[in-house]
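Breakdown of the fold
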Amino acid sequence: NTDVRCVKVYAKAFENSQPYWQQGTIDYEDETKPKQYYPIDITLFRGKSTASGTRCSTSEVALDGFTEQWSLGFGRDDAYSVQDVDGKKFAVATFATTCGSRGHIAGELLSFEPNVPGACHCKQLCIDNAASGCRSWKWRTDSKACYLQTNIASAEVDCDDDADMWISGDTGLRLTHFTPSVAPQNSVFELTVAGYNLPNTNQDMPADRQRIKIVDATSVPDNLRGNICAEAADPPGVKGLRCVSGYICSPRPTTSTADSASWAGLEIQDLDANKDYKVCYNAGTVYDRYSWHMLAGTLRVNRAVHTFSVPAADITSQPMCGASMFPAGGDGGTDMLPDGLTRLAKTFKVAVSRPPFGSYSDVDNWRIRLVRSHYNCSARHDKYIASATTESGTGLSGVAQDVDTVHWSDFKCFQENTYTTKPVMCQSGAYKVCFSEKSGAADTFKPIPSSTGDFTLDIAAVDGDTESTATVYSGQQYSGRTGQDTKVSVKGFRLNQVSTGAIRLLDPTLYNAATGVWSKSCGDVVEGTAYASSQTWASVRSTPSSVHGANEYEFQVASANVVGSGAYKVCYCEEQSVSSTGDNVGTGEMNSYKLHADRSRNRAITWANRNNAAGAGGDGHFILADALPSTATALTCKAMCGGGCSGRDCHCEDYDDTVADNVLCLPPAKCKTVCEGIAACRGFETHQSRSMCVLLQNNGGTVLSFDIETNGVHYNECTDVYEKVAKKACTGDAHYSKDVGTLWMTSRPHVGADWVLTPGASQSLEVI
């Protein structure tokens, strides 16, 4: 019952630097070493106790919480600094424990309390009577009278009155509850936070800065003060609220008053069991983790009536490329199939069910549609997930299994199209299962959860889907010396292993060193510029990546192609620039090889039948073993690996004795060399991640077609086909369109050289 107006908090700021075993034995104390754990920021709370002496709530915003709080920062506030106390140094925080501010708040009188010890006591009386209507208070310093008021009519100081004799204030932000306590299932609702003195026109904080978030109740303790509230992430299934971090959330309230703030347009998807959430509130200082407050009570979402499932036994899939190439079951054996539902699913089933008496709708009226998770359920069924029927605006109908279950058994992610055109494949990712039990009537589709508690149906990617695009990198830097040949290594990712690309140099006369600007760009027609081995094919130096291709090409820049020191722009041309109208290759010159990615002459993924037998898909276009020259026969898998092989030229890591006789165990670059030496070879087919290839030819008068649309090669994600083209690549200026970096040439001598001299003899030094 006393008015405490000042509180000092002492924290020892400097410590004894002696080892613990010497402390007390040596009269020495180092007062220059700061303690590492005294608080940088310190907050003092003032509250009350119950009649029994037990402490009330520790919340700053609850009606039974603290009356007031004060904060000081070390180095920020003069009232918190290092002071000398009895010869010892302490960090001392001096709090002026006053409530309200000097001045006179006018308002409608609720009640009058005489003999109140201090302003903080008067504020606590207003908080205790907030439910009765108290919103502001004023305390008379001379008479100690406390006036409780129902509003703030005016906060201006009355110059005719003794304003300095008054201390006034309000209850501060006080939160009481939120509504509703039970959210409607899969329906839009409005959430209202109620309390007293929420931000409004009578306060400094704008009302539109208020924010809320809804967090999972199972992840926060009951005694939470607010810091976990700030760090909690958006739970899945909550729509209408979004936090880009734990502190920054949107939107602003739809409506607000001094006693409430409401957020409309919220929606929470139900799950297979009852789910509880907590509501967090911030008055506007969202960057302060301690300004996030959790309201009492929980927001419940009752369990869903309808749930979906995808039976694993009903999933059939296109085999993957990265698994065993020779499964016991032949083409497409089970050990090559991906696990679960992936974008390679050729068929899968969706089942929707309800518990007995969960609802009373006729299952014949049930409809579903699968839509990407970022769309709402008003969107049509995803066009890349095939079904037996077409979405016409009322969803897809299924087949009733009993009075509580319906199956949709005709979904396809991988649509084969007889392999003559590229299959249509759905996109991997999350999909909503949107359900209507009213024959797909407008606005009746709502998302339903899975029977295992997931919000969405997830179609997984397969190995390799997340690989970066094959390309050479830009912005590379190289250096060399004039008068010497220079190696230029062009780095990249998944580079074509059989590339015969080239580089071209734009010489320093086109570069303005002062501005750093080139007057010409890669691909421009430039007369008289130097070519760097433009007629010498690139050689792959590095080991192929795990998918296919290399990560580096090496070029030799002849000294004759460098006109002097300075900066040279390095322009790259890839072999795929070759065209039917280009220059023919001359005698002794290497053919170009055009890549047809994801193509095959054979529909099978295994390599046990790369031959021309009926049904094998070769159609007479595979070069069989007996037609191979002896040099190539020795490179077939059975000849190279059948009896065992050792050495760097062996490529038997993928060998299996069921492989066809004409399959060569070679990586793509070496397969190209073999094809170059066989006049009848029209190209070759190679596995993207295995050292295996097979040579292709014309079938008599039937020319091998590389066009997937004319029943030539087939679509196959596991293989690539290279077409031999008797045309030169990289013959035009426009072909060198890729700017990969800069080559810096210098004529300066080497530094840091050492010479060995004979004492007492005249000698010469050679500077290189």
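Residues numbered from 1 in each chain as written. Predicted model: local features only at pLDDT ≥ 70, side-chain atom pairs only at ≥ 80, totals over all residues. Heavy atoms only, no water.

**Focus on the state of the cysteines**
The tally for this structure, following the rule as stated, stands at 13 disulfides. The disulfide partner of Cys229 is Cys280, and the gap between their sulfur atoms is 1.6 Å. What sets the handedness of the Cys229 and Cys280 disulfide is the S-S torsion sign, and at about -110° it is left-handed. Of this pair, Cys229 sits in helix 2 (residues 227-231) while Cys280 is found in strand 20 (residues 275-282), placing the two residues 51 residues apart along the sequence. Across the pair, exposure class does not vary: Cys229 and Cys280 are buried alike. (Disulfide = S-S within 2.5 Å. Helix = DSSP H or I, 4+ residues; strand = E, 2+ residues; numbered from the N terminus. Buried < 20%, exposed > 50% of the residue type's maximum accessible area, 1.4 Å probe, protein only.)

**Remarks on the sheet that holds strand 7 (residues 109-113)**
Across the sheet, 5 strands lie side by side as 6-10-8-9-7; this open sheet has antiparallel pairing. Both edges of this open sheet fall to strand 6 (101-102) and strand 7, since each of them pairs with a single strand only. Where strand 7 lies against strand 9 (residues 146-149), 4 bridges are found, and the strand directions are antiparallel. Residue pairing in the sheet places Glu113 in a bridge with Cys146 of strand 9. Running at roughly 150° to strand 8 (residues 136-140), helix 1 (residues 119-128) makes contact with strand 7, strand 8, strand 9 and strand 10 (166-170) of the sheet. (Pairing = 2+ DSSP bridges. Contact = heavy atoms within 4.5 Å. Axes fitted to C-alpha atoms, helices over the stretch in contact; angles between N-to-C directions.)

**Things to note about the pattern of salt bridges**
One pass over the structure, following the stated rule, counts 17 salt bridges. One salt bridge in this structure joins Glu391 and Arg369, with 2.9 Å as the shortest N-O distance. Residue Glu391 is located in the loop between strand 26 (367-372) and strand 27 (396-397), and its partner Arg369 is located in strand 26; the two are separated by 22 residues in the primary sequence. In this structure Glu391 comes out as buried when scored by relative accessible area, which is 11%. (Salt bridge = Lys/Arg side-chain N within 4 Å of Asp/Glu carboxyl O.)

**Some details on helix 5 (residues 668-676)**
Taken residue by residue, helix 5 has Pro668, Cys671, Lys672, Val674 and Cys675 as its buried positions. Down the axis of helix 5, the buried side of the element spans an arc of 160°, and every buried residue falls inside it. The inward-facing, buried residues of helix 5 abut strand 45 (592-596), helix 3 (630-633), strand 47 (683-687), strand 48 (693-696) and strand 50 (719-725). (Arc of directions from axis to C-beta.)

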